[in-house]
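Descriptive structure summary
So the chains spell out like this:
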Amino acid sequence: MHDTTALLVELGAVILGLGLVGRFAGRIGLSPIPLYLLAGLAFGHGGLIPLDASEEFTMVGAEIGVILLLLLLGLEYSASELVTSLKTQYPSGAVDFVLNATPGAVAALILGWGPVGAVALAGVTWISSSGVIAKVMTDLGRLGNRETPVILGVLVMEDLAMAIYLPVLTAMLAGVSLAGGSLALVIALGAVGLVLYLALRHGRLISRAVSSDNPEMLLLVVLGLTVLVAGVAQQLQVSAAVGAFLVGIALSGEVAEGARKLLTPLRDLFAAVFFVFFGLSTNPADIPPVLLPAALLAIITTFTKIGTGYYAARRAGVGPRGRWRAGGTLVARGEFSIVIAGLAVATEPRIGPIATAYVLILVIVGPLTARWTQPIAAKIEARRGGGGGDKAVGVSGAEAEPVAKSAPERRLGSHDDLTPEPACEKHE
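Conventions we followed
Residues numbered from 1 in each chain as written. Predicted model: local features only at pLDDT ≥ 70, side-chain atom pairs only at ≥ 80, totals over all residues. Heavy atoms only, no water. Helix = DSSP H or I, 4+ residues; strand = E, 2+ residues; numbered from the N terminus. Expected span 1.5 Å × (residues − 1). Polar contact = N/O pair within 3.5 Å; in protein donor to acceptor, adjacent residues only side chain to side chain. pLDDT = per-residue confidence, 0-100. Contact = heavy atoms within 4.5 Å. Core = buried A, V, L, I, M, F, W, Y, C linked by side-chain atoms within 4.5 Å. Buried < 20%, exposed > 50% of the residue type's maximum accessible area, 1.4 Å probe, protein only. Axes fitted to C-alpha atoms, helices over the stretch in contact; angles between N-to-C directions. Parallel < 35°, antiparallel > 145°, perpendicular 65-115°, else oblique. Left-handed = near helix turned anticlockwise from the far one by under 90°. Nonpolar A, V, L, I, M, F, W, Y, C, P; charged D, E, K, R; others polar.

1. Describing helix 9 (residues 215-235)
Residue pairs three or four apart in sequence face the same way in an α-helix, which turns once every 3.6 residues. Given a rise of 1.5 Å per residue, 21 residues ought to cover 30 Å, and the 30 Å separating the end C-alpha atoms of helix 9 matches this to within 8%. Among the residues of helix 9, the N-terminal cap falls to Asn214, whose side-chain oxygen and the backbone nitrogen of Glu216 are separated by 2.9 Å.

2. Let's talk about the confidence of the model for the chain
Model confidence for the chain is summarised by a mean pLDDT of 80, while 84% of its residues fall at 70 or above. Every residue in residues 387-408 is under pLDDT 50, and counting partners more than four places away or in other chains gives 38 contacts. Across residues 413-427 the pLDDT falls below 50, and counting only partners more than four positions away or on other chains, this stretch makes 45 contacts in the model.

3. Digging into the nonpolar core
With 97 residues, the main nonpolar core has Leu70, Leu71 and Leu121 as its most contacted residues. Top contributing element to this core by residue count: helix 11 (residues 253-280), with 14 residues. If we skip the residues at most four places from it in the chain, Leu71 touches Val222, Thr226, Ala244, Phe245, Val247, Gly248 and Leu263. In this structure, Ala312, Val318, Ala326 and Leu330 belong to the second largest nonpolar core, which totals 12 residues.

4. Quick notes on the packing of helix 12 (residues 291-315) against helix 13 (residues 320-329)
The geometry of helix 12 relative to helix 13 is characterised by a closest axis approach of 7 Å and an angle of 140° between their N-to-C directions. Here helix 13 runs oblique to helix 12, going by the angle between their axes. Handedness of the helix 12/helix 13 crossing: right-handed. Each of Lys305, Ile306, Gly309, Tyr310, Ala313 and Arg314 in helix 12 lies in contact with helix 13, whose residues at this interface are Gly322, Arg323, Trp324, Ala326, Gly327 and Gly328. Its residues assigned to classes, the contact of helix 12 with helix 13 shows 5 nonpolar, 4 polar and 3 charged.

In structure tokens, the structure reads:
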């Protein structure tokens, strides 16, 4: 009874604290992710007050948080949207991978972490934070901008690549042989292909089988199916997160919309628990020694992400100002960098502190680069005598036209409890 009382007290205090922290983050216009991480650092091992009674529950809640993050992400897309993005955006996705995964891999090898650490840190530096990016684009009124579909296309490619990357990382972390790792990858690719095929051909039948007019029944069926598939995927060394993502893709139409509304508050709760748990499992004393490499890595990957966005927007025919805005917007890292580090920390404990410091830096720098990259680039260009960004506006008058929302643009509300609002003004 005493243990149960301590659990309830600690758990209640944690959830209440998360609510207050999230409210404060909203007041100052900041993503709550860094504050959740700091809260975990403050109350974890080596922190001010260790939370021993609720540690096991928090660990399970963190697993559920990852599953719900990927499920809701999958619900944002239909199979046809993913296939279309794959056909049109794969060059930008390839450039994104090379420019942003390479610094993490090289840094891990320099630090002596070996191949497993290199693959894990490559993922940490590769994937942008859709949650922070959503908030920034909404706050800056850029949802109708010409470069917005380009940004979404890069994010979609990253999400789709996670279905391949996570099984590879999971197999490496489990220490399986090359044959076992190849088998896990083949299973993952086969599962993705099968789900896309079934969703394209029989998506209505799948959604009809899951559908229910009773919200309670819909919630139980979707959540139960997701956790079951995630568990089976984990058993097959494919990654529970990928299993949840595939369930989300398989559902479409009114079922996906209804499940999204029902599960969003649940996801927000457990995602917050996940970030806190990651902070709890990281010793604050381990962070100061890695601040310098984390800062150097953050600087390098800030420029590589800007280059990624610039290339992708240029390829799509967006003018110079929109290219710089696209690059600056993609800089932020967040939820998936922590998910990847959370998977790897048991095998390579040193990745936890550097990933925490890295995300803390870029989750704060990201909104600043989104706002200031284009003005700074215009000033530099003007000083060089190139006429700056103002001349660039005349390059393509079509850039001032509103862009119709594509279906993946729904994902702008998929994290941080965001609801897209109409842009106040259109740019380029």
